[in-house]
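Per-entry structural report
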Amino acid sequence: MGYYAQLLMEDQIGAPGSGISRRDFVKASGLGGTVALAGCTAPGEVPTEESVDTGTTPAQSDSTLPTTSPPEVVNVDEQGGEVTLSSVPARHEAHPGESMGGPVELPKVWAFKADDGEPSVPGPILRTTEGEDMEVTFDNTDGMRPHTVHFHAVQKQWEDDGVPTTTGIRVDPGEKHTYTIPANVPGTHLYHCHYQTHRHIEMGMYGVFRVDPEGYEPADREYFMTMKDWDSRLPRQMAGEDVRYDPRNRNPDVFTINGKSAPRTLHPEDGSPIIVSEGDQVRLHLANNGYMSHPIHIHNHRFERVEKDGGQIPENARHGMDVTNVAPAERHTIEFTADAEPGIYLLHCHKVNHVMNGGFYPGGMLGGVVYEDAMDTDIFAQLMEYAGYEM
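Description of the structure in this document.

What counts and what doesn't
- Residues numbered from 1 in each chain as written.
- Predicted model: local features only at pLDDT ≥ 70, side-chain atom pairs only at ≥ 80, totals over all residues.
- Heavy atoms only, no water.
- Helix = DSSP H or I, 4+ residues; strand = E, 2+ residues; numbered from the N terminus.
- Buried < 20%, exposed > 50% of the residue type's maximum accessible area, 1.4 Å probe, protein only.
- Contact = heavy atoms within 4.5 Å.
- Areas by Shrake-Rupley, 256 points an atom, 1.4 Å probe, with all protein chains shown as cover.
- Polar contact = N/O pair within 3.5 Å; in protein donor to acceptor, adjacent residues only side chain to side chain.
- Phe/Tyr/Trp six-rings, centres within 6.5 Å; stacked < 30°, edge-to-face > 60°.
- Pairing = 2+ DSSP bridges.
- Axes fitted to C-alpha atoms, helices over the stretch in contact; angles between N-to-C directions.
- Patch = residues over 30% accessible without salt bridge, like charges linked within 9 Å, V, L, I, M, F, W, Y side chains within 5 Å.
- Salt bridge = Lys/Arg side-chain N within 4 Å of Asp/Glu carboxyl O.
- Lys, Arg positive; Asp, Glu negative; His and termini not counted.
- Charge placed at Lys NZ, Arg CZ, Asp CG, Glu CD.
- Core = buried A, V, L, I, M, F, W, Y, C linked by side-chain atoms within 4.5 Å.
- Arc of directions from axis to C-beta.

**Notes on the overall build of the protein**
Along its length, the protein carries six helices and 22 strands. The proportion of buried residues among the 391 residues of the protein is 55%. For the protein, long-range pairs separated by at least 24 residues make up 75% of all intrachain contacts whose partners lie at least 6 apart in sequence. Carbon and sulfur atoms provide 45% of the accessible area of the protein, an area that totals close to 16,000 Å².

This is the structure in structure tokens:
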């Protein structure tokens, strides 16, 4: 069994990738009881009258819709090179609690799911190996509208490009279509619906796929982080609210990492904390599926950018950094050593208005590097309260 298949069989805590087990998390944190309080606010922060409203109320959310799950990593090689994607209407809770400007909810999204898995925003992370082909079937037999799937970076046949305007291929409701996607460009890449793209990405139809190069050597800790800015008016409009979405006049008001807004980003199961041990070599795959640039800053660590859009950056062109500006559709892979004093250090977009939930700061596009040795502290327990973590 492959390395990543073994990871998937474990009860993993942390961001998608190579986190720690639930048992190790409980041992490190000492959080053996229930930690889930509503109405908590962050130290030194006072909610403003603007802080909590994304325009949804329980009456406006369709309770019959499934709720999205965190994105799973699908090792396509372990499935014989085949995977089936579909799109499911779902409710997306970016931050379900009342702490720190919550709740933040998108009452209706169109979430990708893989095979018999759970729907997620972002969609499942598809992982394969250089030299392999992926047979990706988009199953729209139960769908209500046309879709396609477009994969970035890799070179493929014209008919597999996923753009209906130039290929003439669209997957209508009641249909299936299979794309052959060669894994001929190693790196971290994107996929998304390319039908009415400006709306369908805004509704959550995006994800990451990873092509590991031949002879790939995993880092001690390796994680995937997908950023997205949202104009919640479209998901709200699709849920039946009396709002109007204008793609030429976007007004982003929800900001997420792997689909979650802080403090939910720090939730060890539903969010994406970057859990490390002192001395670990850490590799982060950053992807921007939004419409705006996001300068991502990590506190108290220097990193190098080693890969961009699947292209390896030569060693003599690398240098120490603490901010990398990820433009729309770009992918940056960064590496650093967990060599700081063990603690909890922020990772966030440095457009600080993106680090808000409504009018409340901090929130939004903010996560953290969490050392295992800091998990038994009072401040970590308090952060788990804000995140709504339950044991």
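**Description of the side chain of Thr256**
Structurally, Thr256 is set in strand S13 (residues 254–257). Among the residues examined, Thr256 registers a relative accessible area of 1% and is labelled buried. Engagement of the side chain of Thr256 in a polar contact is seen with the side chain of Trp230, the distance being 3.0 Å. Discounting residues that sit within four places of it in the chain, Thr256 has contacts with Ala94, Thr226, Met227, Lys228, Trp230, Ser261 and Met365.

**Structural notes on the packing of aromatic side chains**
Two numbers describe a pair of aromatic rings. These are the distance of the centres and the angle of the planes. Considering all chains together, one arrives at six aromatic pairs under this definition. Consider the rings of Phe112 and Phe138, whose centres lie 6.4 Å apart with planes at 85°: the pair is edge-to-face. Of this pair, Phe112 sits in strand S5 (residues 104–114) while Phe138 is found in strand S7 (residues 133–139), placing the two residues 26 residues apart along the sequence. Each member of the pair Phe112 and Phe138 is classed as buried. Measuring from ring centre to ring centre gives 5.1 Å for Phe151 and Phe209, while their planes differ by 80°; the resulting arrangement is edge-to-face. Of the two residues, Phe151 is situated in strand S8 (residues 150–151) and Phe209 in strand S11 (residues 206–212); the sequence distance between them amounts to 58 residues. With respect to class, Phe151 is no different from Phe209; both count as buried. Here a set of aromatic residues connected by ring pairs shows up, and it is made of Phe112, Phe138, Phe151, Tyr191 and Phe209.

**Concerning the sheet that holds S7**
Through backbone hydrogen bonds, the strands of a sheet pair up, either in parallel or in antiparallel fashion. If you trace the four strands from one edge of the open sheet to the other, you get S5-S4-S7-S9, paired in mixed fashion. Of all the strands in the sheet, the pair left with one neighbour each is S5 and strand S9 (176–182). Direction aside, the axes of adjacent strands within the sheet are offset by 30° on average. In the sheet, S7 pairs with S9 via seven bridges, with the strands oriented antiparallel. When the bridges of S9 are listed, Phe138 appears paired with His177.

**A look at a negative patch on the surface**
Together, Glu278, Asp339, Glu341, Asp373 and Asp376 give the surface a local cluster of negative charge. Mapped onto the elements, Asp339 comes out in the loop between strand S20 (331–337) and strand S21 (344–349). For Asp339, a relative accessible area of 57% gives the class exposed.

**Overview of the nonpolar core**
Ranked by internal contacts, the top residues of the largest apolar core, which has 41 residues, are Ile274, Leu284, Ile298 and Tyr371. The element that contributes the greatest number of residues to this core is helix H6 (residues 378–387), accounting for four residues. Residues contacting Ile298, with those up to four places away along its chain left out, are Leu284, Phe303, Asp322, Ile334, Phe336, Leu346, Leu347 and Val369.

**Section: the environment of Val104**
For Val104, the position within the fold is in strand S5. It is 9.9 Å that separates the C-alpha atoms of Val104 and Arg264, two residues lying 160 residues apart in sequence.

**Observations concerning H6**
What sets the pattern is the α-helix's 3.6 residues per turn: residues three or four places apart point alike. Residues Phe380, Leu383, Met384, Tyr386 and Ala387 constitute the buried set of H6. Down the axis of H6, the buried side of the element spans an arc of 155°, and every buried residue falls inside it.

**A few points about the sheet that holds strand S12 (residues 221–230)**
On the basis of which strands lie adjacent, the open sheet formed by six strands has the order S13-S12-S15-S20-S17-S18 and mixed pairing. Of all strands in the sheet, those with a lone pairing partner are S13 and strand S18 (311–312), marking the two edges. Note: strand S15 (residues 281–288) against S20, seven bridges, orientation antiparallel. Within S20, the residue paired with Leu286 across the bridge is His332.

**Re unusual backbone geometry**
The residue after Gly102, namely Pro103, is reached through a cis peptide bond having omega 0°. Among the structural elements, Pro103 can be located in the loop between strand S4 (82–95) and S5. Although it is not a glycine, Asp309 sits at a positive phi angle of roughly 55°. Along the chain, the position of Asp309 falls in the loop between strand S17 (304–308) and S18.

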